[in-house]
Amino acid sequence: MIAAAGGAMMASPALAQTAAPVAAPLPQRGSKGADILGPTNDPRSAEEPFTQAPPATDHGTMPNLKWSFSDSHMRLEEGGWARQTTVRELPISKAMAGVNMRLKAGVVREMHWHKEAEWSYMIKGKARITAVDQDGRTFADDVGEGDLWYFPGGIPHSIQGLSADGIDGCEFLLVFDDGGFSEDSTFLLTDWLAHTPRDILAKNLGVPESALAKIPEKELYIFPGPTPGPLSADLMGGAGQIPKTFSHRMLAQEPIRTKSGRVRITDSTVFPASATIAAALVEVEPGGMRELHWHPNGDEWQYYLSGKGRMTVFGSESKARTFDYQAGDVGYVPYAMGHYIENTGDTTLTFLEMFKSPRYADISLNQWLALTPHPLVQAHTGLDPRQIDALSQTKAPVVPG
Ligand code: MN
Ligand code: MN
């Protein structure tokens, strides 16, 4: 399929002994294209073979639908970091934004709130999360790999890294239901305290002003906190527990299994608190493919957890553009645009799909064709009637290679 392969540069024999040169694909496919005479960023080009040499079916002007967290600014703090992919990094992503955060054991993402709802997937390690709602009801839980949490907009919460199973803290992905979100613009407890007159604070808390001497002068944001005790000690009672729990064990869900993959779907039907974000965790074996489909309910924000994948997005008016993704990348599919995701690597491709919607929904091309009168489908496709009859009327979200 790819005309281009290797030959872009010759490494010196000395270099070749220590590290294989990166074979950047050339912008050539069949009789079209030519080599590159000017400067190139070969490792970068090698990540995007179908951008260097797009398939002949790609056409027209489509917006960029890819961002790598590797290109996001890292905010370094004591014992942790945060980086984000928002409408500022990926301008098409108006519906949702993402944050990738690391907290070492004991390190706290300080008590805060924000306008947007926060959905999260724990990538590795463990954390303790807490929240309080408008009725004085409380929530606390310890979340581990494959667990989710969801905090509605405006609800105050905290996150602290835990030490468990030999892992120092945790790393997680946050998704917000507004692409304009900024992790640097949340409402922080310490920021508020620092910007309230001291006599007002003293009056409000019922303490003398002298008791306020240790209030931080500026926000803490991410900082080493107190050593967490058992979860039972952090269950605060109050007016009772928040009735729709803010955490969910996504990996404990039984997946939809197909010949070449597995899909777990988590929306408000199984995780009632998650009123504005629906998600799917998709695993595709080598050669397999997330089938051609689209979503009738909004944009899709993707996060690649492992492996390599390729997606072509069809945007009507003959527009189509192909992107290559790998672990750590973000993909985006605007509302209603058709797409597939093929595993192009030799390991399992794992990714998350998120939607700003209470319910998960997709339309399968195969199912649509199978359930439309077959002479009509034959007139559109020219397929043999027996091949149309063989199409599955039930969805197979991952098809084999
Ligand atoms: Mn938050
Ligand atoms: Mn999709």
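Here's what I pulled together on the structure shown here. Per chain, the residues get numbers from 1 upward, laid out in the order the sequence is written. Throughout, the order in which chains and ligands are written sets their labels, letters from A for the former and numbers from 1 for the latter. Where local features are concerned, this predicted model is filtered to residues with pLDDT of at least 70; where side-chain atom pairs are given and counted, the filter is 80 or more; whole-chain, interface and lining totals use all residues. Here the side-chain values reflect all heavy atoms present in the structure, with hydrogen atoms and water set aside.

It is worth spelling out the sheet that holds strand E26 (residues 349–355) at this point. Whether parallel or antiparallel, the strands of a sheet pair through hydrogen bonds between backbone atoms. Within the open sheet, the seven strands sit side by side as E3-E24-E21-E26-E19-E18-E17. Their pairing is antiparallel. Only two strands of the sheet have a single partner each, and these edge strands are strand E3 (66–68) and strand E17 (256–258). Looking at each pair of strands side by side, their axes are set apart by 20° on average, direction ignored. In this sheet, E26 lies alongside strand E21 (residues 300–306) in antiparallel orientation, the contact comprising six bridges. Note on E26: the bridge partner recorded for Ser 306 is Thr 350. When DSSP finds two or more bridges between a pair of strands, those strands are recorded as paired. The way it works is that DSSP assigns letters per residue, a run of H or I at least four long becomes a helix, a run of E at least two long becomes a strand, and they are numbered from the N terminus. Lines fitted to the C-alpha atoms define the axes, with helices restricted to the stretch that makes contact. Angles between their N-to-C directions range from 0 to 180 degrees.

Put simply, a nonpolar core is a bunch of buried Ala, Val, Leu, Ile, Met, Phe, Trp, Tyr and Cys residues held in one set by side-chain atoms that sit within 4.5 Å of each other. Think of it in three bands: residues with accessible area under 20% of the maximum for their type are buried, residues over 50% are exposed, and the middle band is partly exposed, with areas taken using a 1.4 Å probe on protein chains only. Trp 119, Trp 301 and Met 354 are the most contacted members of the largest nonpolar core, which totals 50 residues. The biggest single contributor to this core is strand E8 (residues 118–132), with seven residues. Met 62, Met 311, Phe 323 and Tyr 325 belong to the second largest nonpolar core, which has 20 residues in total.

Here we come to the environment of Glu 110. Residue position: Glu 110 is located in strand E7 (residues 107–113). Residues Glu 110 and Pro 224, 114 residues apart in the sequence, show an inter-C-alpha distance of 9.8 Å. Excluding residues that lie within four positions of it along the chain, Glu 110 makes contacts with His 157, Leu 188, Leu 189, Thr 190, Glu 219, Leu 220, Tyr 221 and Phe 223. Polar contacts here mean pairs of N or O atoms no more than 3.5 Å apart (in protein, one a potential hydrogen donor and the other a potential acceptor; neighbouring residues in sequence count only if both atoms are side-chain atoms). There is a polar contact of 3.3 Å between the side chain of Glu 110 and the backbone nitrogen of Leu 189. Residue contacts are counted whenever heavy atoms from the two residues lie within 4.5 Å of one another.

It is worth spelling out the packing of aromatic side chains at this point. Think of it this way: a Phe, Tyr or Trp ring, Trp meaning its six-membered ring, pairs with another when their centres are within 6.5 Å, and the plane angle makes it stacked under 30 degrees, edge-to-face over 60, tilted otherwise. By the definition in use, this model includes 14 aromatic pairs. Between Trp 113 and Trp 192, the aromatic rings sit 5.7 Å apart at their centres with planes inclined by 70°, giving edge-to-face as the arrangement. Here the residue Trp 113 occupies a position in strand E7, and Trp 192 occupies one in helix H4 (residues 189–194), the gap between them amounting to 79 residues. Both rings, one in Trp 149 and one in Phe 151, keep their centres 6.4 Å apart while their planes meet at 40°; by these two values the pair is tilted.

Each protein donor to the manganese ion (ligand 1) is listed here as His 112 (NE2), His 114 (NE2), Glu 118 (OE) and His 157 (NE2); together their distances run 2.0 to 2.2 Å. Each metal's donors are the N, O and S atoms found within 2.8 Å of it, except that Na, K and Ca use a 3.2 Å limit; water is left out, so coordination can look incomplete. If you list the donors of the manganese ion (ligand 1) from N- to C-terminus, the spacing comes out as H-x1-H-x3-E-x38-H. Of the two residues, Glu 118 sits in strand E8 while His 157 sits in strand E11 (residues 157–164), which places them 39 residues apart along the sequence. A relative accessible area of 1% means that Glu 118 is categorised as buried.

We now examine unusual backbone geometry. For Glu 317, which is not a glycine, the phi torsion comes out positive at approximately 50°. Within the secondary structure layout, Glu 317 lies in the loop between strand E22 (308–314) and strand E23 (320–326). The exposure class assigned to Glu 317 is exposed, which follows from its relative accessible area of 68%. A positive phi is found at Ala 336, a non-glycine position, where the angle reads about 75°. As for its placement among the helices and strands, Ala 336 is situated in the loop between strand E24 (329–333) and strand E25 (338–343). Taking relative accessible area as the criterion, Ala 336 reaches 41% and is therefore assigned partly exposed.

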